[in-house]
Amino acid sequence: LSALEDAVYRGREALVKMFKELDESFTEGVQVEVQEIIDGGDQLVVVLEAHGRGAGSGVVVRQQWAQLASMRAGLVFRVTPFPDRAAALEAAGLRE
């Protein structure tokens, strides 16, 4: 999952491809669950958790991170990942 941190994906097709490749790196697919959504007006902080079994290693992986979704005219135009909830809240100018 950390390989996605520095990548830039543009457009719907690129995001679909990214999620497909991520899913294929797990034996039974990756499960991504939304843990929390914090409404900051034109920004949303979304806390996520992913888990699955690595296709190559067989090791069970569980990772939590946060994303800052920037909105314009009611649509998401940018999603920025952060290692945790606190970092995403700080970037959004929101408090704990």
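Residues numbered from 1 in each chain as written. Predicted model: local features only at pLDDT ≥ 70, side-chain atom pairs only at ≥ 80, totals over all residues. Heavy atoms only, no water.

Asker: Sorry if this is basic, but what is going on with unusual backbone geometry here?
Answerer: Glycine aside, residues mostly have negative phi, and peptide bonds are mostly found in the trans state. With a phi close to 55°, Ala73 is a non-glycine residue in the positive phi region. On the secondary structure map, Ala73 appears in the loop between strand E3 (60-72) and strand E4 (75-82). With relative accessibility at 79%, the residue Ala73 sits in the exposed group. (Helix = DSSP H or I, 4+ residues; strand = E, 2+ residues; numbered from the N terminus. Buried < 20%, exposed > 50% of the residue type's maximum accessible area, 1.4 Å probe, protein only.)

Asker: Would you mind showing me how to read the packing of aromatic side chains here?
Answerer: Two numbers describe a pair of aromatic rings. These are the distance of the centres and the angle of the planes. Under the criterion given, the structure shown has zero aromatic pairs. Above the face of the Phe77 ring, Arg72 is positioned so that its terminal group lies 3.9 Å from the ring centre. (Phe/Tyr/Trp six-rings, centres within 6.5 Å; stacked < 30°, edge-to-face > 60°. Lys NZ or Arg CZ within 6 Å of the ring centre and 35° of its normal.)

Nothing here speaks to function; it is geometry throughout.
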